[in-house]
Amino acid sequence: MSDALDVQNITVAYQESTVLENADFSVPQGKLVGIVGPNGAGKSTLLKAVLDLVPKLHGRAVFFGEELKKVRSRIGYVPQRGEVDWDFPTSALDVVTMGRYGHVGLFRRPRKHDKEKAYECLKELGMEQYAKRQIRELSGGQQQRVFLARAMAQDASLYIMDEPFAGVDAKTERAIILLMQKWKQENKTIIVVHHDLQTAQEYFDWMILLNKHVVAQGPTEEVFTKEKLQETYGGQLAFLESSSSEKAGNPS
């Protein structure tokens, strides 16, 4: 069985600054994967590079043994909330229905079945009462759940998510992780850029530690160690650990 994602020596530079250098790793199918690293480590750039959303200096990404163009409909992408135009005049149900375009075709109208599927996805995330609400009228957590419902409606094999927990309330965070766990049970693969070390070990069974290059990758119990985190974060690690302890109510 081919890996869900095989990244081969991807390098990305903006102007004359290299932000990602020879990223090389593979992700088996059916894993819940966390990508962690300090600010400026190239995490979001990595996701965009594998999806051909930013140009690469060199390297390639292979999905399920195929090039992206052959399997694009099997891949769901949830960008950071800050990259979405929330003023666009559309309803929550219409946003979720967009996730069905890979099934109905880009220039064909969604069928009744597709609308029903979109509504069921909203319902599963507790958002059915907002189906006709304009997306710009929703809270940040509600907007994130709508985008997750859109990803669910796509019925992809691989989900790539850029900081889905950022800026959401506890209820939404719980809904997100429950959805990810459900997808994993269905042997789907989920790759998530994540910033909270306190929850990373709990949420993910596979980890990629990144700081412009891949420091370590593999099963969480092997990768998420003090030594490898120190190598990834350097002097920032003590600060992050202190912040995590204070959040937990155990100040050091």
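Calculation notes
- Residues numbered from 1 in each chain as written.
- Predicted model: local features only at pLDDT ≥ 70, side-chain atom pairs only at ≥ 80, totals over all residues.
- Heavy atoms only, no water.
- Helix = DSSP H or I, 4+ residues; strand = E, 2+ residues; numbered from the N terminus.
- Buried < 20%, exposed > 50% of the residue type's maximum accessible area, 1.4 Å probe, protein only.
- Contact = heavy atoms within 4.5 Å.
- Areas by Shrake-Rupley, 256 points an atom, 1.4 Å probe, with all protein chains shown as cover.
- Pairing = 2+ DSSP bridges.
- Axes fitted to C-alpha atoms, helices over the stretch in contact; angles between N-to-C directions.
- Polar contact = N/O pair within 3.5 Å; in protein donor to acceptor, adjacent residues only side chain to side chain.

## Considering the overall build of the chain
Right, so step 1: Along its length, the chain carries 11 helices and 9 strands.
Right, so step 2: Sorting the 252 residues of the chain into buried and exposed places 49% on the buried side.
Right, so step 3: The contacts in the chain between residues at least 6 apart in sequence include a share of 66% that link residues at least 24 apart.
Right, so step 4: Total accessible area computed for the chain in this model is approximately 12600 Å², and 46% of it derives from carbon and sulfur atoms.

## Remarks on the sheet that holds strand β5 (residues 75–78)
Right, so step 1: If you trace the 6 strands from one edge of the open sheet to the other, you get β5-β6-β7-β3-β8-β9, paired in mixed fashion. In this open sheet, the two edge strands, each paired with only one partner strand, are β5 and β9 (214–219). Pairwise comparison of adjacent strand axes, ignoring direction, gives a mean angle of 10° for this sheet.
Right, so step 2: Sheet topology note: the strand β3 (residues 32–36)/strand β7 (residues 189–193) ladder contains 4 bridges and is parallel. Bridged to Leu-32 within β7 is Ile-190.

## Focus: the environment of Asp-94
Right, so step 1: Within the element layout of this structure, Asp-94 appears in helix α3 (residues 92–97).
Right, so step 2: The exposure class of Asp-94 is partly exposed, given its relative accessible area of 33%.
Right, so step 3: Separated by 24 residues in the primary sequence, Asp-94 and Ala-118 have C-alpha atoms spaced 8.3 Å apart.
Right, so step 4: There is a polar contact of 3.5 Å between the side chain of Asp-94 and the side chain of Lys-115.

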